[in-house]
Amino acid sequence: MTYGDFLKAAQQQDIPTLNIDGSYWGGVLQAKDIDMESFATKLSTNRTLTSLTLNRTKHTTAAAKQLAEALLTNNTLTSLALRGNKIQDGGVIALAATLKVNTTLKSLEISAAGLSAAGIKELSFALQLNRSLEHLDLRGNFEGVTDAGVKSLAAVLGNTSLTSLDLSHSNVGPAGITYLAEALATNRTLKTLLLQDLRKVAFVSGKGLDSFAALCAALVRNATLTSIDLSLVRLEKEAVQFLEAVLPMNITLLSLTVGDASPGKGFRELMSKVKQPRQKIENFPAAELPPAIAAWLDMWTTAATAAAAAGVAVSASPAGPKKRKRMTEADRLRAAME
C-alpha cells in the first residue's frame with residue numbers, strides 16, 4: 001500500500017479496522033495529513049468501523065475533542081486507541097463527557113497522552129456513569145498516573161464495568177498501591193491489572209512493603225482478578241513470601257508476572273504455582289499469615305463490621321469529605337473522589 005492509498009483508506013472509513021500508526025511511516029505522517037474535522041464528521045455517522053487506532057499521529061487536544069463529539073452519535077465503534085498523542089487534560093475531559101452517554105465503546109487507550117491527575121479524576125467521575133467500557137489503558141502518563149490519580153480511580157473502581165486496567169510505566173507510589181489494594185478487596189469486575197515498571201515504588205521495606213502486604217491481603221478477599229503483571233518492579237524475598245502465603249487462599253489468579261525481565265529461580269517457581277490448579281483453603285487461620293497481611297485484613301473486617309452495625313454501606317476506598325444536604329447525584333459522585 002502506498003502512502004496515498006493509506007490516506008485514502010483512512011478518509012473513506014470503509015473497513016472494520018483502521019490502524020494508523022505514525023511511527024510505522026517513519027515520521028512522515030503529520031497531523032494535517034488527516035483532517036480531523038472532516039474525519040470526525042464522517043465517523044459520527046459511520047456504521048462500518050469498529051476499531052480505530054490513531055497512534056502517534058501528532059494530533060492534540062483539538063483533535064481529541066472532535067473525536068469525542070463524533071462518538072456522541074456513533075454507535076458502532078468499540079475500540080479507540082490514541083497512544084502517543086498529546087491530547088492532555090482538555091482532550092481527556094472531552095472524552096470523559098462522551099463516556100457518560102456512549103454505550104458502545106469497550107476499549108479506550110490514551111497512553112502517553114500528557115494527562116495530569118486532574119484529567120484522571122475527571123475520567124474517573126465519568127466511568128461511574130458508563131456501563132460499556134471494559135478496557136482502559138493509561139500507561140505512560142507519568143504526570144497523571146500518580147498516587148493522586150490512582151486515588152481517584154480506586155475510589156470509583158467498584159462502580160465501573162472495567163475488566164482490564166493498565167497503569168504501567170507510571171509514577172504510582174506506595175500510597176497508590178494501597179488505594180488499589182483497598183479497591184480490589186471489594187471489586188467484583190476487574191480481571192486484569194497491569195503494573196509494569198512503576199518508577200516510584202519498590203516492594204522491599206517500609207511503606208513499599210506495607211503497600212504490597214495490602215495488595216496481597218486484597219487477593220485473599222478478591223474472587224475476580226485473574227492476571228497481575230508486576231514485571232520490572234523490584235520485589236525482595238519478604239514480598240515473595242507474602243505472595244506465597246496468600247496464594248492458597250485465592251484460586252482465581254491464573255497469571256502472575258513479577259520481578260525483572262530475567263526472574264530468578266524463586267520468581268519462576270512462584271509464577272508456576274499460579275498456573276497450577278489450586279484448591280482454595282477456607283477459614284485459613286489469620287495467625288498463620290504474615291502479620292502485615294493479617295493487619296490489613298483485620299482492619300477491613302473491623303471497618304465493615306462497624307459500618308454494618310451502623311447501617312452504613314462501606315467502601316474499601318478512602319472516605320470522601322462530609323457531604324452537604326440536598327446534594328445532586330453528580331455532586332455526590334464528585335465528592336467521593338475528593
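Chemist: I'm lost on the packing of aromatic side chains in this one. Help?
Modeler: Two descriptors summarise a pair of aromatic rings, namely the distance from one centre to the other and the angle between the planes of the rings. Tallying each qualifying case throughout the model produces 2 aromatic pairs. Ring geometry for F203 and F212: centres 4.6 Å apart, planes at 35°, overall tilted. The same class applies to F203 and to F212, which are both buried. Ring plane angle 50° and centroid distance 5.8 Å describe the contact between W296 and W300, whose orientation is recorded as tilted. Of the two residues, W296 and W300 both sit in helix 11 (residues 291–310), 4 residues apart, roughly one turn of that helix. Both residues of the pair, W296 and W300, belong to the buried class.

Chemist: Would you mind going over the environment of I93 with me for this structure?
Modeler: Within the element layout of this structure, I93 appears in helix 4 (residues 88–99). With a relative accessible area of 41%, I93 lands in the partly exposed category.

Chemist: Explain the packing of helix 6 (residues 147–156) against helix 7 (residues 174–184) to me, please; I cannot follow it from the model alone.
Modeler: Each packed pair of helices is defined by two parameters, the angle between the axes and the distance between the axes. Packing of helix 6 against helix 7 brings their axes to within 8 Å, and their N-to-C directions diverge by 5°. Comparing the axis directions of helix 6 and helix 7 gives the class roughly parallel. Residues D147, V150, K151 and A154 of helix 6 form the contact with helix 7, whose participating residues are P174, A175, G176, Y179, L180 and A183. For the contact of helix 6 with helix 7, the residue count by class is 7 nonpolar, 1 polar and 2 charged.

Chemist: Where do I start with the pairing of strand 2 (residues 51–55) in this structure?
Modeler: For a regular strand, side chains alternate in direction, first toward one face of the sheet and then toward the other. With 5 of its 5 residues buried, strand 2 lies for the most part within the structure. Burial along strand 2 is two-sided: the residues S51, T53 and N55 and L52 and L54 are all buried. As paired strands, strand 1 (residues 17–21) and strand 2 are joined by 5 bridges and run parallel to one another. Directly across from T17, in strand 2, lies its bridge partner S51. Sheet topology places strand 2 next to strand 3 (residues 79–81); 3 bridges connect them, and they run parallel. Bridged to L52 within strand 3 is L80. Each parallel crossover has a hand, and for strand 2 linked through helix 3 (residues 61–70) to strand 3 it is right-handed.

What counts and how
Residues numbered from 1 in each chain as written. Predicted model: local features only at pLDDT ≥ 70, side-chain atom pairs only at ≥ 80, totals over all residues. Heavy atoms only, no water. Phe/Tyr/Trp six-rings, centres within 6.5 Å; stacked < 30°, edge-to-face > 60°. Buried < 20%, exposed > 50% of the residue type's maximum accessible area, 1.4 Å probe, protein only. Helix = DSSP H or I, 4+ residues; strand = E, 2+ residues; numbered from the N terminus. Axes fitted to C-alpha atoms, helices over the stretch in contact; angles between N-to-C directions. Parallel < 35°, antiparallel > 145°, perpendicular 65-115°, else oblique. Contact = heavy atoms within 4.5 Å. Nonpolar A, V, L, I, M, F, W, Y, C, P; charged D, E, K, R; others polar. Pairing = 2+ DSSP bridges. Right-handed = clockwise from strand over helix to strand, strands pointing away.

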